[in-house]
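# A structural walkthrough
Letter by letter, the chains look like this.
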Amino acid sequence: MSAVMITRKVRKWEKLPGKNTFCCDGRVMMARQKGIFYLTLFLIVGTCSLFFAFECPYLAVHLSPTIPVFAVLLFLFVMAMLLRTSFSDPGVLPRALPEEANFIEMEIEAANGNVPSGQRPPPRIRNVQINNQIVKLKYCYTCKIFRPPRASHCSICDNCVDRFDHHCPWVGNCVGKRNYRYFYLFTLTLSLLTIYIFAFNIVHVVMRSVDSGFLKTLKETPGTVLEMLVCFFTLWSMVGLTGFHTYLISLNQTTNEDIKGSWSGKNRGQNPYSHKNIIKNCCEVLCGPTYPSVLDRRGLMREDSPAFATSEGPCSFDNPVAQTTKTTAPLIPNEHTPDDVKPSIAASAEKSPSPKEDQSPAPKIPPLASPETDMETSIAKNH
């Protein structure tokens, strides 16, 4: 059995490190923990389905036919923003190659010098200047890179994300540079949808209560009661979350920076990324350019994998395999044969007799006497 290396082409997303899952040949990128994301889908789709089934037919006839139309448009926009946030690359930074990591390690060792044993080495930090302010770039020991400004390593996805905001389990993905605007639009439109459904649930109950009574209306419309409960508890969290991110966008600040207090406090500097103008900050975050992904998930790369071939079956590789032939003649030990091999050779020679030993020796017949032979023998004796 011999091993042969086969080179095949694979997509880069199949070999990417980190704790992400990919679907549709690398087009969809999510975190591995997707249970809460499925709960989000269930709550949104389930609540809207109940609203379309119970309230919309009654409100379209007795109030206005535009109510279900606007609800459908708002629902579709919410789902589009949710899926765009969940299925897109948030801005994951590629890890350093082994050669790049070794080069960075050499640079760090050369800059720090020889550290005495027992002492802690200095922190791996580089300083850059942004808008006349010094910003520190921290070294990531997992990705082997100096993280760009505003980037951070997500412990759940195990990746460095550019302009990292936070990891949101409700969307099943990190929120970063490439999907933050879609996340904000998702929270904003979901808040509007929740308010819309909750308001028209109240209108529906009030209009029915005029004819049937309040308690009888609640008994006849259990779906409306369930919708009101879901919307009531969802409304406060979604409106509060949307308001918090609106505040962050007005300051051009991320959730990670706000929690760590990067630009607040007496010893902290001012935010170098803020334009000191709410409109400009909102335009940069929400209306700025769409950044391409730096992962190249669907790119091709070569991978060498070993394959084993046996001598019994036909070989399908281009490289021919050398074949050995066995001789039936016994090996005879000589002076160049090692001592540990001679007993085995002798034993094999005894077990496999040669063809000459199998044949009985032919009897020797003396030659016939003739005058020529007698004369030759007499001449040989005289000499």
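These numbers were taken from a predicted model, which means no experiment stands behind them.

## Looking at the pairing of strand β4 (residues 125-130)
- As paired strands, β4 and strand β5 (residues 133-140) are joined by six bridges and run antiparallel to one another. What sits directly across from glutamine 129, in β5, is isoleucine 134.
- Hairpin remark: β4 followed by β5, antiparallel, with two residues in the connecting loop; positive phi at asparagine 131, about 50°.

## What to know about the confidence of the model for the protein chain
- The pLDDT averaged across the protein chain works out to 80; a share of 74% of its residues lies at or above 70.
- Low pLDDT, under 50, characterises residues 313-333; the stretch is placed with 12 contacts to residues that sit more than four places away or in other chains.
- Between residues 344-383, whose pLDDT stays under 50, and residues either more than four places distant or in other chains, the model counts nine contacts.

## Considerations on a nonpolar patch on the surface
- A cluster of nonpolar side chains, Ile36, Leu39, Phe42, Leu43 and Trp170, forms an exposed patch at the surface whose accessible area comes to about 490 Å².
- Looking at the secondary structure, you find phenylalanine 42 in helix α1 (residues 35-62).

## Section: the pattern of salt bridges
- The full count for this structure, using the stated rule, is six salt bridges.
- The partner of glutamate 105 in a salt bridge is arginine 124, with the nearest N and O atoms 3.0 Å apart. Separated by 19 residues along the polypeptide, glutamate 105 in helix α3 (residues 98-112) and arginine 124 in the loop between α3 and β4 bring together distant segments of the chain.
- One salt bridge in this structure joins glutamate 107 and arginine 126, with 2.9 Å as the shortest N-O distance. In this pair, glutamate 107 sits in helix α3 while arginine 126 sits in strand β4, placing the two residues 19 residues apart along the sequence.
- Accessibility expressed as a relative area gives 36% for arginine 126, which makes it partly exposed.

## Focus: unusual backbone geometry
- Of note in this structure, aspartate 25 is not a glycine but carries a positive phi near 60°.
- Here the phi dihedral of aspartate 158 falls at roughly 60°; this positive angle occurs in a residue that is not glycine.
- Along the chain, aspartate 158 turns up in the loop between β7 (152-154) and β8 (159-161).

## Re the packing of aromatic side chains
- Across all of its chains, the model carries 13 aromatic pairs by this definition.
- Pairing phenylalanine 52 with phenylalanine 75 gives two aromatic rings, centres 6.2 Å apart and planes at 85°, and the pair type is edge-to-face. Of the two residues, phenylalanine 52 sits in helix α1 while phenylalanine 75 sits in helix α2 (residues 66-87), which places them 23 residues apart along the sequence.
- For phenylalanine 52, a relative accessible area of 27% translates into the label partly exposed.
- Note on phenylalanine 75: relative accessible area 15%, which makes it buried.
- These aromatic residues form a ring-pair network of at least three members: Phe51, Phe52, Phe70, Phe75, Tyr196 and Phe200.
- One Lys or Arg, lysine 177, reaches over the ring of tyrosine 291 and ends 4.0 Å from the middle of that ring.

## Regarding the nonpolar core
- Of all hydrophobic cores here, the largest spans 36 residues; its most connected members are Ile44, Phe51, Phe186 and Tyr196.
- Elements with a contribution of two residues or more to this core: β3 (28-31), α1, α2, α4 (180-212) and α6 (222-251).
- Ranked by the residues each element gives to this core, the list is headed by α4, at 11 residues.
- When sequence neighbours within four positions are dropped, the list of residues in contact with tyrosine 196 reads Phe51, Thr66, Ile67, Phe70, Ala71 and Leu74.
- Grouped together as the second largest cluster of nonpolar side chains are 11 residues, Trp13, Val161, Cys174 and Leu295 included.

Reading the values: the criteria
Residue positions are given per chain, counting from 1 as you read along its sequence in written order. A pLDDT threshold of at least 70 governs which residues receive local features in this predicted model, and a stricter bar of 80 or more applies before side-chain atom pairs are shown or counted, although totals over entire chains, interfaces and linings include all residues. Excluded from the side-chain calculations are hydrogens and water; all other atoms, namely the structure's heavy atoms, are used. For two strands to count as paired, DSSP must find a minimum of two bridges between them. Numbering of helices and strands runs from the N terminus, with a helix taken as a DSSP run of H or I at least four residues long and a strand as a DSSP run of E at least two residues long. Each residue carries a pLDDT value, the predictor's own confidence for that position, ranging from 0 to 100. Whether two residues touch is decided by their heavy atoms; if any such pair falls within 4.5 Å, the residues are in contact. Without a salt bridge and with relative accessible area above 30%, a residue can belong to a patch; like charges are then joined within 9 Å and nonpolar side chains (Val, Leu, Ile, Met, Phe, Trp, Tyr) within 5 Å. Using a 1.4 Å probe, accessible areas were evaluated by the Shrake-Rupley method; residue-level cover was limited to the displayed protein chains. When a carboxyl oxygen of Asp or Glu lies within 4 Å of a side-chain nitrogen of Lys or Arg, that pair is called a salt bridge. Burial here depends on accessible area, computed with a 1.4 Å probe over protein chains only, as a share of the maximum for the residue type. Under 20% is buried, over 50% is exposed, and the range in between is partly exposed. Classification of ring pairs uses Phe, Tyr and Trp, with its six-membered ring standing for Trp, and accepts pairs whose centres are within 6.5 Å; under 30 degrees between planes counts as stacked, over 60 as edge-to-face, and the remaining range as tilted. Working rule: Lys NZ or Arg CZ, within 6 Å of ring centre, within 35 degrees of ring normal, means a charge sits over the ring. Nonpolar cores are built from buried Ala, Val, Leu, Ile, Met, Phe, Trp, Tyr and Cys residues. Side-chain atoms within 4.5 Å join them into one set.

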